[in-house]
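Commentary on secondary and tertiary structure
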Protein chains: 2
Amino acid sequence: MSEADEARHSEKMRRKQAAQAKIMANKTQEKGLLIVHTGKGKGKTSAALGMVVRAIGHGMKVGVVQFVKGAMATGEKAVFDAFPDHVAFKPMGEGFTWDTQDRARDIAHARAAWDEVKRMIADPSCAMVLADELNIVLRYDYLPVDEVLAAVNARPPMKHVIITGRNAPDALVAAADLVTDMVMVKHPFRSGVKAQKGIEF
Amino acid sequence: MSEADEARHSEKMRRKQAAQAKIMANKTQEKGLLIVHTGKGKGKTSAALGMVVRAIGHGMKVGVVQFVKGAMATGEKAVFDAFPDHVAFKPMGEGFTWDTQDRARDIAHARAAWDEVKRMIADPSCAMVLADELNIVLRYDYLPVDEVLAAVNARPPMKHVIITGRNAPDALVAAADLVTDMVMVKHPFRSGVKAQKGIEF
């Protein structure tokens, strides 16, 4: 790189640093966030699990309810079970809802899982609550969106609530502080690769 | 819900189950994936950390090199340090590159971190390698994209490699098996909320 290029690079980095400093100076607030991971791409649950890991590492207590996963042994379960004082991990699903073919039973399961989430939201010792795949349950009207919104909007001010799953309802997106839409650019399922440990479960 | 609605729902679920079964029947292959998390939205690193957790939970060995994070105590570091037999965790950055204002030093750091990634890719005991924020380093031409591509394309067949960061180079996206573009719908920084433990670090 020439001297002129080096100088241009330095100047660019100086401007970037100044811009970043200005942005960060205005970020002073701390609050419990309502976080939504939606979209057809992979990474919605994985990113929530990553946040759970970060929270555990800071000594925070976390509650995790999985609305779809249940019977299957997952990698996340094995790790979180090693931190019983920091994570209450509840896989309360029975697979995807089209696998059960029994709407009344699906609704009963969704209700039981949601009751657990509400309990965690109310628990003052719990700093973060993950309702994994709750959007799928909302999509099929197994729980009323209004009831979910009322509970998360009434959460304690410093409590983080993370909700994942495709097709997040508009009202939930509107209420949220942090929303990421995971867009699928490429997925290995499309080229015949099956679900693999460490990646999908 | 009326009986007719129940019947329609059941029929819809039956069709969905049949469609899923057909898709899954064609997914028989296992392979080491090249995974890229890019985009401006939050969740790129978090989703990679979630995959690391899943892999650890299945007893796989994982190598993690962070190209940007270094000095700061992160939640992920505290958790991964609890699994010394399963994770080699190397935070090798010094903050964002505009903070150092020293291009030669940034390049030296990027090179040292990349050498560590190459070592992990070559290590047969390591099932998954995460090169966190490598795209940022590529964006500033601190490492040649061709060299990175050559190394990941020559990886052992069952090894997963995850690369994160904004502005993934086109050649990397083209070579990858799984690419998610994290699209920012809403970010709390925009409304004055600062980086919080459990969420950003």
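Above this text you will find the structure in question.
Presented here is a report on the structure given in the accompanying data block. (Residues numbered from 1 in each chain as written. Chains lettered and ligands numbered in written order. Predicted model: local features only at pLDDT ≥ 70, side-chain atom pairs only at ≥ 80, totals over all residues. Heavy atoms only, no water.)

Focus on the pattern of salt bridges
To keep it simple, the criterion reads: The working definition used for a salt bridge is a side-chain nitrogen of Lys or Arg within 4 Å of a carboxyl oxygen of Asp or Glu. Numbering of helices and strands starts at the N terminus; helices are DSSP runs of H or I of at least 4 residues and strands are runs of E of at least 2. Each residue gets one of three labels from its accessible area relative to the maximum for its type: buried under 20%, exposed over 50%, partly exposed in between, using a 1.4 Å probe on protein chains only.
Within this structure, the stated rule accounts for 26 salt bridges over all chains. The salt bridge partner of Glu76 of chain B is Arg54 of chain A, with a shortest N-O separation of 3.1 Å. Placement of the pair is Glu76 of chain B in helix H3 (residues 75-80) and Arg54 of chain A in helix H2 (residues 44-57), with the two residues belonging to separate chains. Across the pair, Arg54 of chain A and Glu76 of chain B agree in class, each one buried. Overlapping salt bridges, with partners in common, bring together Arg111, Asp115, Lys118 and Glu147 of chain A in one network.

Let's talk about the sheet that holds strand S3 (residues 87-91) of chain B
Let me state the cut-off plainly: Two strands pair if DSSP finds at least two bridges between them. Between the N-to-C directions of two axes lies an angle of 0 to 180 degrees, each axis being a line fitted to C-alpha atoms and, for a helix, fitted only over the stretch in contact. Whether two residues are in contact is decided by their heavy atoms: any pair within 4.5 Å suffices.
One open sheet accounts for twelve strands, arranged S3(A)-S2(A)-S4(A)-S5(A)-S1(A)-S6(A)-S6(B)-S1(B)-S5(B)-S4(B)-S2(B)-S3(B); its pairing is mixed. In this open sheet, the two strands that pair with only one neighbour each are strand S3 (87-91) of chain A together with S3 of chain B. Averaged over all pairs of adjacent strands, the angle between their axes in this sheet comes to 10 degrees, without regard to strand direction. As paired elements, strand S6 (residues 178-186) of chain A and strand S6 (residues 178-186) of chain B share seven bridges and run antiparallel to each other. Bridge pairing in S6 of chain B places Met182 of chain A opposite Met182 of chain B. Those strands touched by helix H5 (residues 103-122) of chain B are strand S2 (62-66), S3, strand S4 (128-132) and strand S5 (160-164) of chain B, and its axis lies near 170 degrees from that of S2 of chain B.

Here's the deal with the packing of aromatic side chains
Operational definition: Only centres within 6.5 Å qualify two rings of Phe, Tyr or Trp (six-membered ring in Trp) as a pair; their planes then separate them into stacked at under 30 degrees, edge-to-face at over 60, and tilted for everything else.
Going through the model one piece at a time under the given rule, you end up with five aromatic pairs over all chains. Ring geometry for Phe83 of chain A and Phe83 of chain B: centres 6.2 Å apart, planes at 55 degrees, overall tilted. Remark: Phe83 of chain B occurs in the loop between H3 and S3 and Phe83 of chain A occurs in the loop between helix H3 (75-80) and S3; the pair is interchain, linking two chains. In terms of burial, Phe83 of chain A and Phe83 of chain B fall into one category: buried.

Re the environment of Arg155 of chain B
Residues and elements named next belong to chain B. Threshold: Polar contacts, as counted here, are pairs of nitrogen or oxygen atoms within 3.5 Å of one another; within protein the pair requires one atom able to donate a hydrogen and one able to accept it, and residues that are adjacent in sequence qualify only if both atoms are side-chain atoms.
Counting through the fold element by element, Arg155 comes out in the loop between helix H7 (145-153) and S5. In this structure, the C-alpha to C-alpha distance between Arg155 and Gly32, residues 123 residues apart in sequence, is 8.5 Å. Beyond its immediate chain neighbours, meaning those up to four positions away, Arg155 contacts Gly32, Leu33, Leu34, Ile121, Val161 and Asp177. Among the polar contacts listed, one links the side chain of Arg155 to the backbone oxygen of Val152, at a separation of 2.8 Å.

So, the relation of the copies chain A and chain B
Inclusion rule: Fitting of the copies onto one another was done by least squares over C-alpha atoms, counting residues only where both copies have pLDDT of at least 70.
Of the transformation placing chain A onto chain B, the axial shift is 0.0 Å and the rotation is 180 degrees, giving an RMSD of 0.0 Å. What we have between these two chains is a two-fold relation. Looking at the rotation axis and the C-alpha trace of chain A, the residue lying nearest is Ala47 of chain A, at 1.7 Å. Residue by residue, 100% of the interface of chain A is reproduced at the interface of chain B, so both copies engage with the same surface.

What to know about the interface of chain A and chain B
Many authors give the size of an interface as the accessible area that is lost as the parts come together. Inclusion rule: What gets called buried area is simply the loss in accessible area from a 1.4 Å probe that two parts show on being joined, summed for both. The nonpolar class holds Ala, Val, Leu, Ile, Met, Phe, Trp, Tyr, Cys and Pro. Asp, Glu, Lys and Arg form the charged class, and all remaining residues, Gly among them, are polar.
Contact residues are listed per partner, giving 81 residues for chain A and 81 residues for chain B. Overall, the association of chain A and chain B removes approximately 6900 Å² of surface from exposure, summing both partners, and the carbon and sulfur fraction of that is 62%. It is Arg54, Trp98 and Lys186 of chain A in chain A that bury the most area against chain B; as a group they hold 12% of the surface buried on that side. Viewed at the interface, chain B and chain A are joined by 33 residue pairs in polar contact (both at pLDDT 80 or more). Among the elements of the structure, helix H1 (3-25), H2, H3, helix H4 (97-100), helix H8 (170-175) and S6 of chain A are those that each provide at least two residues to the side of chain A that touches chain B. In terms of residue count, H2 of chain A provides more of the side of chain A that touches chain B than any other element does, eleven residues in total. Grouping the constituent residues of the side of chain A that touches chain B by class yields 37 nonpolar, 25 polar and 19 charged.

Overview of the nonpolar core
Test applied: Put simply, buried Ala, Val, Leu, Ile, Met, Phe, Trp, Tyr and Cys residues joined by side-chain atoms within 4.5 Å make one nonpolar core.
In terms of nonpolar packing, the biggest core is built from 46 residues, with Phe80 of chain A together with Phe80 of chain B touching the most fellow members. Excluding its chain neighbours within four sequence positions, the residues that come into contact with Phe80 of chain B are Val53 of chain A together with Leu49, Val52, Val53, Ile56, Val87 and Phe89 of chain B.

Some details on a positive patch on the surface
For the record, the criterion: Like-charged residues within 9 Å of one another, or nonpolar side chains (Val, Leu, Ile, Met, Phe, Trp, Tyr) within 5 Å, are grouped into patches, provided each residue has over 30% relative accessible area and no salt bridge. To be clear on the numbers: accessible area is Shrake-Rupley with a 1.4 Å probe, and residue cover counts the displayed protein chains and nothing else. Just so you know, the count uses Lys and Arg for positive and Asp and Glu for negative, and it drops His and the chain ends. For charged residues, the charge sits on one atom: NZ in Lys, CZ in Arg, CG in Asp, CD in Glu.
The grouping of Lys12 and Lys16 of chain A together with Lys40, Arg139, Arg166 and Arg190 of chain B at the surface amounts to a positive patch. Along the chain, the position of Arg190 of chain B falls in the segment after S6. Accessibility expressed as a relative area gives 69% for Arg190 of chain B, which makes it exposed.

These results come straight from atomic positions and should not be treated as a statement about function.
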